[in-house]
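# Remarks on the overall topology
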Amino acid sequence: MRWAMRRLLYLVWLVAFGLGLWGIAERLLFGHRLAAYGSYVVWGLWVAIYIYMSGLSAGAFLLSSLVYVFRLERLERVGKLALFVALIALLGGLLAIWFDLGRMERFYRVYTSPNFQSMMAWMIWLYTAYFVVLLAEAYFALRPDLVRWSRDPNRSPGQRTLARWLTLGRASLAPEVLERERRVLQVLATVGVPLAVAFSGGVGALFATVSGKLYWHQSIVPILFLTGAVVSGGGVLTGLAAFAWPHRDAEHRELVALLGRMLLLLVVGYVLLEWAEFSIPLWYGTSPEGHLVRLALFGPYWWVFWIVHVGLGTVLPVLLLVLRPKDPRAVGWAGLLVAATFVSVRLNVVIPAQVEPALRGLEQAFTGPRLVFHYFPTTHEWLVASFVVATTAALLWLGARFLPLMETEVAR
Amino acid sequence: MWALTVLEGQRAPAEAASGAAGAALPKEREGEDVLLRMQRDLQRALRKPAHLRRWAMVIDLRKCVGCSACTIACVAENKLPPGVVYRPVVDEEIGTYPHVTRRFIPRPCMQCDNPPCVPVCPVNATYKRADGIVAVNYDQCIGCRYCIVACPYNARTFDAGEYYTDGTPERSAVEKTPSFEYGKRWTREHEASPVGNARKCHFCVHRVERGVLPECVTSCIGRATYFGDAADPDALVSELMHRPNAVRLKEELGTKPRVYYLL
């Protein structure tokens, strides 16, 4: 059964990646011509995927800080996995936003000529700093196990060689070296926390500071982004810990149950914030952005909110977490559901704000396929998204297979 | 001969005509075309140093008939591709049938004095010029489109690289013709900028700086659009923008537009 399941997953990945490559070829050959975003709805699926994945990264990182900053020992075993998920999710998100750029080849200008008045420039510099810290932290967190793997005759030659390369030539396992590295790790993790908070909140602020879009221009938006980041990061971590763990023992069940309880708390917390986000503009029915909230909740894409987000991403996981809190499979599914459906929340941030003409009647003015106030991604956009997701999944799988991410032996 | 070079797209019309534009205009006469007065205002402004000019536009909504000639003239002047428009005429239907009327609001870029689109640019590709124009440096823009979402007037659009003759056997000659925005030559060939960039109305600075009024002003059949130097108290725009019936769009946002509407 497991064998058949595995085969099926490989097949699904192969199809997703193959279709994704087709999408990338289209993107490189035809530019933006095959996409549905245009001049009025300018940000679409890829931007939503970017904020989804970068949030997931910050969330997983912040959870890893429970281990590396706050020394929560019961979670110690997922620390390295969380760091690796954070690293890969950020890369996936950046891949998505790179394809979205009008001129991909000029991306480096955000470093060579930044404008620090721009919230986007802040976000970019913050995630760059965050990326560097993350990379260094992952190195120090993994190095002792990499050294052990490189010497372990039970590992395949490939795993041993890769492990040796990744140690960057530092092979010492002397207690004083490990102690020093643990301190470095703690410092890095401590520096990373404000960076991750600022970066994921900054992505929210990128939207919230746009005063012309009332749907975004709410002070709760950066807070929602930060909380959403931790929710989705917690979801993916719970799912991976439940299903990708090498051993299925009592300790594993306890770890997953703990992650499940944290996830339940996070999801419920997010629902509370979301209630604040939507109930306030809707309450008296006279808010200037109320009709956009109504559009997101009850418009043609109502199902994105009610079925994907509320049904599959909130109610079902909460039921699983409440009714089967000790069953690693149920908790794992809850985690995966929360993480996978969270992209719907991101879509409901990005799109509705853009579908309203700045001036009534603009939709009747000079029109054309790109001068419209509605949006649904084209096949091309889904294909590129498929490439991003398949690449991210492959990197996660490769990491789980070739890196000591879930070693029970801890560096300390 | 110059007409031929213009038709072949080798020179900007304003550039080719600059000799004529610099020539002396007829003396002021009662009942003359208002374009002549604005032309004189323009010549006067151009004799000043650039940083002392403050370009502004006034649009008389009572005169606008919604013909969209300005929109199309602008498309032709700047060789705008599909999906890019600098000056649509907003067509608002008011009331319910049979008691219906329409209101037309031509909407160029407001060239705000406090532009929300400028500080958001992560790479300093868009900026406010000394003369008040909000410009885009196509060679610098990375195409993130943050400025487009930040504009509260939807006045910026995205060049996705399309052509009106996509899917036909031959690219039309017009679409191969370069545009001369910001006084430079832009061909869009081989996906070159401004493809992939944010684009917007720039009050036709490439024409204005050669003494020619913006295309939307000269093409307006009802003479509903006025242009000139707001820093010149004798200019027609200065007269009009200080009238009590002059309003600006979304003043509450504090953007300080340089486009005034006469109600």
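Within every chain, residues take consecutive numbers counted from 1 along the sequence as written. Chains and ligands are labelled by the order in which they are written, letters from A for the one and numbers from 1 for the other. Reporting in this predicted model follows two pLDDT cut-offs: at least 70 for local features of residues, and 80 or more for side-chain atom pairs to be given and counted; totals over whole chains, interfaces and linings ignore these cut-offs and use all residues. The basis for every side-chain value is the complete set of heavy atoms in the structure, and neither hydrogens nor water enter the calculation.

## Re the overall build of chain B
- Secondary structure elements follow DSSP: runs of H or I no shorter than four residues count as helices, runs of E no shorter than two count as strands, and numbering proceeds from the N terminus. From N to C terminus, chain B includes 10 helices and 10 strands.
- Taking 263 residues into account, the globule formula puts the C-alpha radius of gyration at 18 Å, and chain B, at 18 Å, falls close to it.
- Relative to its 263 residues, chain B shows a buried fraction of 58%.
- Here a residue-residue contact requires only that any non-hydrogen atoms of the pair lie within 4.5 Å. Intrachain contacts of chain B at a sequence separation of at least 6 include 63% that bridge at least 24 residues.
- All accessible-area figures derive from a Shrake-Rupley calculation using a 1.4 Å probe, and residue coverage is judged against the displayed protein chains alone. Of the roughly 11,100 Å² of accessible surface on chain B, 56% is carried by carbon and sulfur atoms.
- Just so you know, the count uses Lys and Arg for positive and Asp and Glu for negative, and it drops His and the chain ends. Every charge is mapped onto a representative atom, which is NZ of Lys, CZ of Arg, CG of Asp or CD of Glu. Here chain B holds 36 positive side-chain charges and 31 negative ones, and the gap between their average locations is 3 Å. Within these notes, the globule rule equals 2.2 Å times the number of residues to the 0.38 power, and the radius of gyration is based on C-alpha atoms. Using a 1.4 Å probe on the protein chains alone, a residue whose accessible area is under 20% of its type maximum counts as buried, one over 50% counts as exposed, and one in between counts as partly exposed.

## A word on the confidence of the model for chain B
- Values of pLDDT, the confidence the predictor places in each residue, fall between 0 and 100. Model confidence for chain B is summarised by a mean pLDDT of 91, while 91% of its residues fall at 70 or above.
- As scored by the predictor, the complex reaches a pTM of 0.93 and an ipTM of 0.93.

## Brief notes about the packing of aromatic side chains
- Ring pairs are drawn from Phe, Tyr and Trp, using the six-membered ring of Trp, whenever the two centres fall within 6.5 Å, and their geometry is named by plane angle: stacked under 30 degrees, edge-to-face over 60, tilted for the rest. Counted according to the given criterion, the structure contains 34 aromatic pairs over all chains.
- With 5.2 Å between their ring centres and 80 degrees between their planes, Phe 61 of chain A and Tyr 130 of chain A make a pair best called edge-to-face. Of this pair, Phe 61 of chain A sits in helix 2 (residues 45-68) while Tyr 130 of chain A sits in helix 5 (residues 119-151), placing them 69 residues apart in sequence.
- The exposure class assigned to Tyr 130 of chain A is buried, which follows from its relative accessible area of 0%.
- What links up through ring pairs into an aromatic cluster is the set Trp 13, Phe 17, Trp 98, Phe 99, Phe 107, Tyr 108 and Phe 387 of chain A.
- Distance and angle both matter: a charge sits over a ring if NZ of Lys or CZ of Arg is within 6 Å of the ring centre and within 35 degrees of the ring normal. The ring of Tyr 163 of chain B has Arg 188 of chain B lying over it, and the distance from NZ or CZ to the ring centre is 4.6 Å.

## A look at the side chain of Asp 60 of chain B
Residue and element names in this part refer to chain B.
- By secondary structure assignment, the location of Asp 60 is in strand 1 (residues 55-60).
- For Asp 60, a relative accessible area of 4% gives the class buried.
- As used in this structure description, the phrase polar contact means that two N or O atoms lie within 3.5 Å; if the pair is within protein, one of them must be able to donate a hydrogen and the other to accept it, and residues adjacent in sequence are counted only when both atoms belong to side chains. Here Arg 62 takes part through its backbone nitrogen, which lies 3.1 Å from a polar atom of the side chain of Asp 60.
- Filtering out sequence-adjacent residues up to four positions away, Asp 60 remains in contact with Ala 224, Tyr 226 and Leu 262.

## Quick notes on the pairing of strand 2 (residues 89-96) of chain B
Residues and elements named next belong to chain B.
- One ladder, built from 8 bridges, connects strand 2 with strand 3 (residues 99-106); its direction is antiparallel. Residue pairing for strand 3: Glu 93 is matched across the bridge by Arg 102.
- Hairpin connection of strand 2 to strand 3: 2 residues between the antiparallel strands. Two strands qualify as a pair provided that DSSP identifies no fewer than 2 bridges between them.

## Remarks on the sheet that holds strand 8 (residues 225-229) of chain B
Residues and elements named next belong to chain B.
- Read from one edge of the open sheet, 4 strands run 8-1-10-9, paired in mixed fashion. Each end of this open sheet is capped by a strand with a single partner; those strands are strand 8 and strand 9 (246-247).
- Both strand 9 and strand 10 (residues 259-262) contribute to a ladder of 2 bridges, which runs antiparallel. In the strand pairing of strand 10, Val 247 is matched with Tyr 261.
- On top of the sheet, helix 4 (residues 34-46) reaches strand 1 and strand 8; it is set at about 20 degrees to strand 8, its chief contact. Inter-axis angles, ranging from 0 to 180 degrees, are taken between N-to-C directions of lines fitted to C-alpha atoms, where helices are fitted over the stretch in contact.

## Focus on the pattern of salt bridges
- Here, a salt bridge means any side-chain nitrogen of Lys or Arg that lies within 4 Å of a carboxyl oxygen of Asp or Glu. Taken as a whole, this structure holds 37 salt bridges over all chains when the rule is applied.
- With a closest N to O distance of 2.2 Å, Glu 191 of chain B and Arg 33 of chain A form a salt bridge. With Glu 191 of chain B in the loop between helix 7 (173-176) and strand 7 (198-200) and Arg 33 of chain A in the loop between helix 1 (2-30) and helix 2, this residue pair bridges two chains.
- A residue is classified by how much of its surface remains accessible, and Arg 33 of chain A, at 21% relative accessible area, is partly exposed.
- In this structure, Asp 41 of chain B and Arg 44 of chain B form a salt bridge, with 2.9 Å as the shortest nitrogen-oxygen distance. Pair noted here: Asp 41 of chain B and Arg 44 of chain B are both in helix 4, with a separation of 3 residues, about one helical turn.
- Residue classification places Asp 41 of chain B among the buried positions, given a relative accessible area of 2%.
- Overlapping salt bridges bring together Arg 54, Asp 113, Lys 128 and Arg 258 of chain B as one network.

## Description of the interface of chain A and chain B
- The interface of chain A with chain B comprises 44 residues on the first partner and 53 residues on the second.
- As used here, buried area is the combined drop in accessible area, with a 1.4 Å probe, of two parts when they are placed together. Between chain A and chain B, the buried area comes to about 3,900 Å², and carbon and sulfur atoms account for 55% of it.
- For the interface between chain A and chain B, the tally reads 4 salt bridges.
- Arg 145 of chain B is paired through a salt bridge with Asp 100 of chain A; the nearest N and O atoms lie 2.8 Å apart.
- Where chain A packs against chain B, one counts 32 residue pairs in polar contact (both at pLDDT 80 or more).
- Here the side of chain A that touches chain B takes 3 residues from helix 5 of chain A, the largest share from any one element.
- When the residues that make up the side of chain A that touches chain B are grouped by side-chain class, the tally is 21 nonpolar, 14 polar and 9 charged. Under the grouping applied here, Gly and all other residues not named as nonpolar or charged are polar, the nonpolar ones being Ala, Val, Leu, Ile, Met, Phe, Trp, Tyr, Cys and Pro and the charged ones Asp, Glu, Lys and Arg.

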